[in-house]
Each structure stands twice: as C-alpha cells, then as structure tokens.
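# Observations on the model geometry
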Amino acid sequence: GTSIHELWQGHLAEIYPTMKFEVASVIDGVASGHCDGLLRDHPEYGDVLWELKSMGGFKFKKVSKEGPQRGWLIQSGLNAYALGCDTIIITAVATEAISKGIAAKDGLNQYERISCEWVIPYSDLLDKYGVDIEAEIENWRTILSLSADGILAPPLYVEDDGQVIDLNPNGGRQHWRCQYCT
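Everything numeric in this text was worked out from a predicted model, so none of it was measured.

## Focus: the pattern of salt bridges
- Inspection of the entire model under this criterion finds six salt bridges.
- A salt bridge links arginine 141 to aspartate 28, with the nearest nitrogen and oxygen atoms 3.1 Å apart. In this pair, arginine 141 is assigned in helix H5 (residues 122–148) and aspartate 28 in the loop between strand S1 (20–27) and strand S2 (31–42), connecting sequence segments 113 residues apart.
- Exposure remark for arginine 141: the relative accessible area of 32% places this residue in the partly exposed category.
- You can call aspartate 28 partly exposed: its relative accessible area is 38%.
- Ionic pairing is found between arginine 40 and aspartate 47, a salt bridge with its closest N-O pair at 3.2 Å.
- Note on aspartate 47: relative accessible area 14%, which makes it buried.
- What you see here is one network of salt bridges that share partners, running through Asp28, Glu138 and Arg141.

Next comes the structure, spelled out in structure tokens:
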C-alpha cells in the first residue's frame, strides 16, 4: 500500500501544489490520527480531507459496488471533525484490475477497473454517522478514564454493520479476529 500511496500523493501534489500529506489530527485531546491528504480552500469543495484505500481485486469488486466501508467513513469523519473539513474524498484503488469481460458487462471504463471515488460532504456524513462518530469519541474517553484508574478496557470490535463484538479470547466462541492474538 505504501508505494500506491506515494504514487497517488505525488500525482496529487502536481495537480494541487498546496495539498499536504500524512496530516496529523488530534480529536478532542483523547485520540490522534492522520489523513492521507488535506487540501484547504478548494474552490468547489472547501477544505478537503482525502483518504486512499488500496486493496486486492476481490475486496475492490465488493467496495466498488457497495460503496465505502463503514469504518472508512467513521475514520474519515473523525479526522474531518478534528481538521475542520467540509468535504471528504475517499479513493479506493485495486492492486489487480477487474477483468475486461466483467468491466464490459458492468459498463466500467479503464479507470473504473482499478479505482473508484466518493465525494462526501461532511454534513451528509454527519447526518448518517454523527452518532457513531460521537460514540467513538466517548469510547476513547472511557478507555482513557479506565486506564487512569488502572483498568484495562474490554477488547471490543465494531463490525462494518455497527455490531459490537467482544474479542475476549476466553469469552466462549472465539471471533476470527482473536485468532491473530491468541
């Protein structure tokens, strides 16, 4: 993914010389993050947060039809909140192209075989995911509070559909993500 990011960032820097890359953000003093790109004062979109997601062909086919994953939207929303952005652009890039046959059947051009993009006004994202973004910030506050009291927060994971999964490897049936840790 690093090479893909560097190539895209180099190209965007040629088009938008004032664009900054790997921009750090601090969210209400409880967490930090970074975005892949930040462009201030775009004439059409205002302050723009850009995220690039690179992936294999199977995942790309799914994403190109279903849209950006919930986790990407929450991550982008958190960084847009911290950096005061008006618009989020998420670009998905495949490491392997959709076959010419499938592309022809689906009406995809040569660029859509390897990339897709979503331009999302931050206000629209808040309408749909604002509660989730606030819940994530509150979750971080809870984790910090617990750790200040010497308590390790429970290992929870939020699926793309919003379902919260307890990743406790000793808590009964093991979630697939726990197999990486145990």
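## Overview of the confidence of the model for the chain
- Averaged over every residue, the pLDDT of the chain is 89; the share at 70 or more is 92%.
- Mean pLDDT across the elements of the chain bottoms out in strand S6 (residues 156–158) (76) and peaks in strand S5 (residues 115–121) (97).

## Some details on the side chain of threonine 87
- Inspection of the secondary structure puts threonine 87 in strand S4 (residues 87–94).
- On the basis of relative accessibility, which here comes to 6%, the residue threonine 87 falls in the buried class.
- Among the polar contacts listed, one links the side chain of threonine 87 to the backbone oxygen of tyrosine 45, at a separation of 2.7 Å.
- Once residues lying within four places of it in the same chain are set aside, the contact partners of threonine 87 are Tyr45, Asp47, Val48, Leu49, Val119, Ile120, Pro121 and Tyr122.

Criteria and thresholds
- Residues numbered from 1 in each chain as written.
- Predicted model: local features only at pLDDT ≥ 70, side-chain atom pairs only at ≥ 80, totals over all residues.
- Heavy atoms only, no water.
- Salt bridge = Lys/Arg side-chain N within 4 Å of Asp/Glu carboxyl O.
- Helix = DSSP H or I, 4+ residues; strand = E, 2+ residues; numbered from the N terminus.
- Buried < 20%, exposed > 50% of the residue type's maximum accessible area, 1.4 Å probe, protein only.
- pLDDT = per-residue confidence, 0-100.
- Polar contact = N/O pair within 3.5 Å; in protein donor to acceptor, adjacent residues only side chain to side chain.
- Contact = heavy atoms within 4.5 Å.

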